[in-house]
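Listed below, chain by chain, are the residues.
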Amino acid sequence: MTGPSPRHDFGPRHGRQSFAHEGEDDADAFGPPPVRRPRFRAVPLRVILPNLVTLLALCMGLTAIRFAMEGNFEIAVIAVIVAAVLDGLDGRIARALRGTTRFGAELDSLADFVDFGVAPALVLYFWGLDAFKSFGWFAALVFAIAAALRLARFNVTADDPNRPAWAAHFFTGMPAPAGAIVGLLPIYLNLSVLGVPANRATVVFYIVYLIGVALLMASRIPHFSGKKIGRVPRDYVIVVMFGAIACLLLLATFPMEMLIALSLAYLASIPFAVRRFRAYEAADAAAPPKI
């Protein structure tokens, strides 16, 4: 005997569920597509523009390294100078457009390390410091490390709430762009009308000089800051405009000679910055305590 044949359950409940699912799929197929939200928020142009200037400065620093490796040191120096000018512009553009961001600050620090730490050190090494091999490389390393320490300290102390208002007129230690420009002084002397040679006797002096500039960057010696220079008295507008145009024309006509003068003038301003800084400190110490 065979058992009863298997029964298949095609009850009304099972059938209703199947038809309901099919109907829903058809409705979804012919209905409007679901609206997808964008994965990333749009970034305004006022935030992107300062970062583009920072990246352009980074390209100038890397280009300086390339021309130094090819032996074209004049263009390498000009690339570092252009990077310094762009570095001064990106922050002002960000503040003017209200596009300052934490990302931009971090990108600026990384670009500054390459532009004013790595690039000048390699340019100087390929130019003449390699005459002493390891000793010249040691000086280049010291300069790059000092620039990194200077930038790291600036990032830490920039948002210090206990800093007095007058401290904004000074930098703690030589700023990295100024250190790069002043540190390249030996190349200016060699490429200018003075034609100071880069032999083994002078390279020793250049190595000591470069280490001295690195120590100024890593030190806590105050230097003048130009960030608070925003307005010129009306009586001095014509004089300032004439002086700025004259400096630009001289820089375009006699670039190395003007860079020598600017570097020496900046070094000469350090004692005045220290004196002014101590005067502010003395005034704070003599002021009555705030209740």
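Glancing now at the overall build of the protein chain. A count of helices and strands for the protein chain gives ten helices and two strands. The order of helices and strands in the protein chain, counted from the N terminus, is α-α-α-α-α-β-α-α-α-β-α-α. Considering only residue pairs separated by 6 or more positions, the protein chain has 82% of its internal contacts joining residues 24 or more positions apart. Put simply, the protein chain shows about 19300 Å² of open surface, and 67% of that area lies on carbon and sulfur atoms.

Taking 1.5 Å per residue as the helical rise, helix H3 (residues 73–97) with its 25 residues ought to reach 36 Å, and the 36 Å between its terminal C-alpha atoms agrees with that figure. Among the residues of H3, Phe73, Ala76, Val77, Ala79, Val80, Ile81, Ala83, Ala84, Leu86, Asp87, Asp90 and Ala94 are the ones counted as buried. Check the buried side of H3 and you find it contacts helix H2 (45–69), helix H4 (102–127), helix H6 (176–183), helix H7 (185–191) and helix H10 (255–286). At the C-terminal side of H3, Arg98 shows a positive phi close to 55 degrees.

Before going further, it helps to spend a moment on unusual backbone geometry. Here Lys133, not a glycine, exhibits a phi torsion of approximately 50 degrees, which is positive. Take Lys133: it is sitting in the loop between H4 and helix H5 (134–157). Residue Lys133 is classed as exposed on the basis of its relative accessible area, which comes to 56%.

So, on to the pattern of salt bridges. If you walk through the whole model with that rule in mind, you get two salt bridges. For the salt bridge of Glu70 with Arg66, the shortest nitrogen-to-oxygen distance reads 3.0 Å. Across the pair Arg102 and Glu106 runs a salt bridge, and its minimum N-O distance is 3.0 Å. Of this pair, Arg102 and Glu106 both sit in helix H4, four residues apart, roughly one helical turn.

Glancing now at a nonpolar patch on the surface. On the surface, Val43, Leu45, Ile48, Leu49, Leu52, Leu55 and Leu97 cluster together into a nonpolar patch covering about 590 Å² of accessible area. Sort the elements by how many residues they give to the nonpolar patch and H2 lands first, with five residues. Tracing the backbone shows Leu45 in helix H2. According to the relative accessible area criterion, Leu45 is exposed, its value standing at 62%.

The next thing to look at is the packing of aromatic side chains. One pass over the full model with this rule turns up ten aromatic pairs. With a centroid separation of 5.9 Å and an interplanar angle of 25 degrees, the aromatic rings of Phe170 and Phe224 are classed as stacked. In this pair, Phe170 is assigned in strand E1 (residues 170–172) and Phe224 in strand E2 (residues 222–224), connecting sequence segments 54 residues apart. Put simply, the rings of Trp166, Phe170, Phe224, Phe277 and Tyr280 pair up and form one aromatic cluster. Looking at Arg66, its charged tip hangs above the ring of Phe67, at a distance of 4.9 Å from the centre.

This next bit is on the packing of H4 against H6. A pair of packed helices is captured by two measures, namely the crossing angle of their axes and the spacing between those axes. At a minimum axis distance of 9 Å, the contact between H4 and H6 shows a crossing angle of 10 degrees. Of the possible angle classes, the one that applies to H4 and H6 is roughly parallel. Each of Phe116, Pro120 and Leu124 in H4 lies in contact with H6, whose residues at this interface are Ala176, Pro177, Ala180 and Gly183.

Across the protein chain, the average pLDDT comes to 84, with 83% of residues at 70 or higher. Note on residues 5–25: pLDDT is under 50 here. Beyond four places in sequence and across chains, it has zero contacts.

Glancing now at the nonpolar core. Generally speaking, a soluble globular protein has its nonpolar side chains buried in company with each other. The biggest cluster of nonpolar side chains holds 48 residues, and the ones touching the most others in it are Val77, Val123, Leu129, Leu184 and Tyr188. Among the elements of the structure, H2, H3, H4, H5, H6, H7, helix H8 (200–218) and H10 are those that each provide at least two residues to this core. Counting residues per element, this core draws most heavily on H8, at nine residues. Residue contacts for Leu129: discarding those within four places in its chain leaves Leu124, Gly136, Val203, Tyr206, Ile207 and Leu210.

Structurally, Ala178 is set in helix H6. By relative accessible area, which is 16% here, Ala178 ends up buried. Between the C-alpha atoms of Ala178 and Ala84, which are 94 residues apart in sequence, the distance is 8.1 Å.

Reading the values: rules and limits
- Residues numbered from 1 in each chain as written.
- Predicted model: local features only at pLDDT ≥ 70, side-chain atom pairs only at ≥ 80, totals over all residues.
- Heavy atoms only, no water.
- Helix = DSSP H or I, 4+ residues; strand = E, 2+ residues; numbered from the N terminus.
- Contact = heavy atoms within 4.5 Å.
- Areas by Shrake-Rupley, 256 points an atom, 1.4 Å probe, with all protein chains shown as cover.
- Expected span 1.5 Å × (residues − 1).
- Buried < 20%, exposed > 50% of the residue type's maximum accessible area, 1.4 Å probe, protein only.
- Salt bridge = Lys/Arg side-chain N within 4 Å of Asp/Glu carboxyl O.
- Patch = residues over 30% accessible without salt bridge, like charges linked within 9 Å, V, L, I, M, F, W, Y side chains within 5 Å.
- Phe/Tyr/Trp six-rings, centres within 6.5 Å; stacked < 30°, edge-to-face > 60°.
- Lys NZ or Arg CZ within 6 Å of the ring centre and 35° of its normal.
- Axes fitted to C-alpha atoms, helices over the stretch in contact; angles between N-to-C directions.
- Parallel < 35°, antiparallel > 145°, perpendicular 65-115°, else oblique.
- pLDDT = per-residue confidence, 0-100.
- Core = buried A, V, L, I, M, F, W, Y, C linked by side-chain atoms within 4.5 Å.

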